[in-house]
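Examination of the molecular architecture
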Amino acid sequence: VDVVVVDLPDIGARYYTFAATMDWVMAACEKARVEVLVLDRPNPIGGRMREGGMVEGGFESFVSQLPVPVRHGLTLGEIALILHRERHPQLELTVVPCREWRRRNWLDATGLPWVAPSPNMPTLETATLYPGLCLVEATTLSEGRGTTRPFQLVGAPWIDAERLVAALREQGLAGIAFRAACFTPQFQKHAGAICSGVELHVTDRKILEPVAL
């Protein structure tokens, strides 16, 4: 092997495992003395906003592996440069940069199409909410996996939807609207059960803070 090419559509959140996979590839290639070539792409949810803290020592895992905030505002190529400096200094690394991307631009401002990078990331709106709503996976609530609106539906069979929506509206969160909803996941948590909860609607992505949500 002369070179390993990394060409992956990251979505701008530390939990998403493509950048962590790249970290493992970089480590293996450094050991084997094989060049890594990263073909960079825009961060689909923009490059200006940061949210969430760093990983606390001792709690690293495949979904908390990178030395970046939860919503990091970086491209995959920029993460590769950080990893090269901090973890893999002997690696032969080349990053082919994005052309004409500006940090203020979301993917739909670039003219590039949205191509779902995984089954539960069907739209750009899903990616907008994901840096925060992914945290619901660690609870007993369904985060909407197994529906057509993953990370936009949250609930469980025992939830009082109207009370939940009222409580969320009282928080005064910007850029988001809430609607009571019922849904039935077809797989994963509460598969086949009718869940009551909330449907999330992004009203202004420029001011929405998904981790706070």
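To be clear, the structure that these remarks concern was listed above.
Just so we're clear, the structure is a prediction, and the values are computed from it rather than from any experiment.

One pass over the full model with this rule turns up 10 salt bridges. Taking the shortest distance from any N to any O, the salt bridge between Glu143 and Arg145 comes out at 3.3 Å. The pair formed by Glu143 and Arg145 is uniform in burial state, with each residue classed as buried. For the salt bridge of Glu143 with Lys189, the shortest nitrogen-to-oxygen distance reads 3.0 Å. Residue Glu143 is located in the loop between helix H3 (124-133) and strand E4 (153-156), and its partner Lys189 is located in the loop between strand E5 (176-183) and strand E6 (195-202); the two are separated by 46 residues in the primary sequence.

Let us look at the sheet that holds E6. The 3 strands are arranged E4-E6-E5 in an open sheet whose pairing can be described as antiparallel. Two strands lie at the open edges of the sheet, namely E4 and E5, each paired on one side alone. The average undirected angle you get between the axes of adjacent strands in this sheet is 25°. Contacts from H3 reach E4, E5 and E6, with the element oriented near 120° to E6. Sheet contacts for helix H4 (residues 161-170): E5 and E6; angle to E5, the most-contacted strand, approximately 170°.

This next bit is on the pairing of strand E3 (residues 93-96). Across 4 bridges, strand E2 (residues 35-39) lies against E3 in parallel orientation. For Val36, the partnering residue across the bridge sits in E3 and is Leu93. Once the chain exits E2 it traverses helix H2 (residues 76-86) before rejoining the sheet at E3, and the crossover so formed is right-handed.

On to the packing of aromatic side chains. Under the criterion given, the structure shown has 4 aromatic pairs. With a centroid separation of 5.0 Å and 90° between ring planes, the pair formed by Tyr130 and Phe151 is classed as edge-to-face. Note that Tyr130 is positioned in helix H3 and Phe151 in the loop between H3 and E4, a separation of 21 residues in sequence. Among the aromatic residues, those joined into a ring-pair cluster are Tyr15, Tyr16, Phe18, Tyr130 and Phe151.

As a further point, take the nonpolar core. Of all hydrophobic cores here, the largest spans 25 residues; its most connected members are Tyr130, Leu133, Phe178, Val198 and Leu200. Every element with two or more residues in this core is listed here: H3, H4, E5 and E6. Apart from the residues within four sequence positions on either side, Tyr130 is in contact with Ile11, Ala13, Tyr15, Tyr16, Met121 and Phe151. Within the second largest apolar cluster, 18 residues are counted, among which are Val34, Val38, Leu76 and Leu91.

Before going further, it helps to examine H2. Buried within H2 we find Leu76, Gly77, Ile79, Ala80, Ile82 and Leu83. Structurally, H2 contributes buried residues whose contacts are with strand E1 (3-6), helix H1 (18-32), E2 and E3.

Conventions and cut-offs
Residues numbered from 1 in each chain as written. Predicted model: local features only at pLDDT ≥ 70, side-chain atom pairs only at ≥ 80, totals over all residues. Heavy atoms only, no water. Salt bridge = Lys/Arg side-chain N within 4 Å of Asp/Glu carboxyl O. Buried < 20%, exposed > 50% of the residue type's maximum accessible area, 1.4 Å probe, protein only. Helix = DSSP H or I, 4+ residues; strand = E, 2+ residues; numbered from the N terminus. Pairing = 2+ DSSP bridges. Axes fitted to C-alpha atoms, helices over the stretch in contact; angles between N-to-C directions. Contact = heavy atoms within 4.5 Å. Right-handed = clockwise from strand over helix to strand, strands pointing away. Phe/Tyr/Trp six-rings, centres within 6.5 Å; stacked < 30°, edge-to-face > 60°. Core = buried A, V, L, I, M, F, W, Y, C linked by side-chain atoms within 4.5 Å.

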